Amino acid sequence: MSGRGALAVSALLIILLISAAWWALALWPAAGATPAWLARTREVCFGAAPGGLPDTAGWILLIGEPFGLLGILVAVWGGALRDGLVAATARWPGRILSAGIAATLLFGIFASARVVAEMRGEPFAVRSGPTPDEVLVSARVNDSAPELRLLDQHGATVDLVAFRGRPVIVTFGYGHCVTVCPVTVRAARLAVERETARNPVLLVVTLDPWRDTPTRLPVVAANWELGAGMHLLGGGVDRVEATLTAWRIPRVRNIATGDLSHPAIVYVVSPAGRIAYALGPDVDAIAAAVATFPVLHGTEPP
């Protein structure tokens, strides 16, 4: 195994160990009552939700941290990592160690699922999927919405504050994405079209202001079939990047392909201007979140 390959494999093992320790800190069951120091540490690091589980930001951190680090490792040392893994599994000791690590990861995933189920007071069982109402329970947040003021596909300045009094769906994507972004944007768009009585607004912020320039935004918006009340937002690179950071959107660029690794996040902002839900690309759940707000009557806000 080459020196770079060994370093890359070592970095992979360190990432796995750090991730395992992070998850253990968040979910490892304590014998008897949870010590005060542990409860406080979990609250500071992962937030607090009913039952002692991490809140939405905590789950984003727990899931985004390993994927973000792995994305950086692949982007920087992808070839060396591949060569190192091939060399490590060329002999039986390496194969046995790799199988043991894989088995440990699988055990950890199922153990974490069991712990989460028990902390929520539910029996652990594999099922087809949660109902929209169940999704909303775990996705409920109450955070201040960061500033969001960018240019849309029509060249107009769009400010989140201008939509007070209406629910706003905020999500993220980029034009060159052919996998998760079209799915996420489509789910948000269909939810807007379903909840016309509440007249929600859809704001899609580009993750790639380098390529999704203001002049290209109309093309991307048309490809995503964004209609009235739907805005694709971009602008200067520094301003868009600052906005993405303020909204806590992790992203890692693959230097070779230009693609971005990022979570599929859909925020639902209340008419009062606070983030009320953090969801995935689930049309029913997004529509159900919008439906928790009052139906608009009379003159619509701007």
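Described below are features of the structure shown in this document. Values in this document were obtained by computation on a predicted structure and should not be read as measured data.

## As for the overall build of the protein chain
Phase 1: Each helix and strand in the protein chain was counted, giving nine helices and ten strands.
Phase 2: Taking all 302 residues of the protein chain together, the buried fraction comes to 38%.
Phase 3: Considering only contacts within the protein chain whose residues lie at least 6 apart along the sequence, 70% involve residues at least 24 apart.
Phase 4: When the accessible area of the protein chain is evaluated, it comes to approximately 15900 Å², of which 64% is carbon and sulfur surface.

## Examining helix α6 (residues 180-194)
Phase 1: Between its first and last C-alpha, α6 extends 21 Å over 15 residues, near the 21 Å set by a 1.5 Å rise per residue.
Phase 2: Regarding α6, the residues found buried are C181, T184, V185, A187, A188, R189, A191 and V192.
Phase 3: Those residues of α6 that are buried lie in contact with β4 (168-173), β5 (201-206), β6 (230-233), β9 (266-269) and α9 (283-290).

## Re the sheet that holds strand β1 (residues 140-144)
Phase 1: An order of β1-β10-β9-β4-β5-β6 is seen for the six strands of this open sheet, with the pairing classed as mixed. Pairing within the sheet leaves two strands with one partner each, and these edge strands are β1 and β6. Going across the sheet, the axis of each strand differs from the next one's by a mean of 25°, ignoring polarity.
Phase 2: Of the strand pairs in this sheet, β4 and β9 are connected by four bridges, and their pairing is antiparallel. Bridging from a neighbouring strand, V168 pairs with V269 of β9.
Phase 3: In the packing of α6 onto the sheet, contacts are made with β4, β5, β6 and β9, and the angle to β4 comes to roughly 165°.

## Remarks on the pairing of β9
Phase 1: The alternating pattern of β9 places V266 and V268 and Y267 and V269 on opposite faces, both of which are buried.
Phase 2: Where β9 lies against strand β10 (residues 274-279), four bridges are found, and the strand directions are antiparallel. Residue pairing in the sheet places V266 in a bridge with L279 of β10.
Phase 3: Between β9 and β10, which pair antiparallel one after the other, the connecting turn spans four residues, and G273 there sits at a positive phi close to 90°.

## A look at the packing of aromatic side chains
Phase 1: Considering all chains together, one arrives at three aromatic pairs under this definition.
Phase 2: Ring centres 5.5 Å apart and planes at 50° place the aromatic pair W247 and Y267 in the tilted group. With W247 in the loop between α8 (237-246) and β7 (252-253) and Y267 in strand β9, the pair connects residues that are 20 residues apart, well separated along the chain.
Phase 3: Aromatic rings pair up to connect F172, W247 and Y267 into one cluster.

## Things to note about the side chain of E195
Phase 1: Relative to the helices and strands, E195 is located in the loop between α6 and β5.
Phase 2: With relative accessibility at 13%, the residue E195 sits in the buried group.
Phase 3: Excluding residues within four positions of it along the chain, E195 makes contact with P200, A287, V290 and A291.

## Thoughts on α8
For an α-helix, the turn length of 3.6 residues means that residues three or four places apart are oriented alike.
Phase 1: Looking only at α8, the buried set comprises V240, T243 and L244. All buried residues of α8 project into a common sector of 100° when viewed along the axis, lining one side. Seen from the open side of α8, the exposed residues pointing more than 90 degrees away from its buried face are D238 and T245.
Phase 2: At its buried positions, α8 is contacted by β2 (149-151), β4 and β5.

Scoring rules and cut-offs
Residues numbered from 1 in each chain as written. Predicted model: local features only at pLDDT ≥ 70, side-chain atom pairs only at ≥ 80, totals over all residues. Heavy atoms only, no water. Helix = DSSP H or I, 4+ residues; strand = E, 2+ residues; numbered from the N terminus. Buried < 20%, exposed > 50% of the residue type's maximum accessible area, 1.4 Å probe, protein only. Contact = heavy atoms within 4.5 Å. Areas by Shrake-Rupley, 256 points an atom, 1.4 Å probe, with all protein chains shown as cover. Expected span 1.5 Å × (residues − 1). Pairing = 2+ DSSP bridges. Axes fitted to C-alpha atoms, helices over the stretch in contact; angles between N-to-C directions. Phe/Tyr/Trp six-rings, centres within 6.5 Å; stacked < 30°, edge-to-face > 60°. Arc of directions from axis to C-beta.

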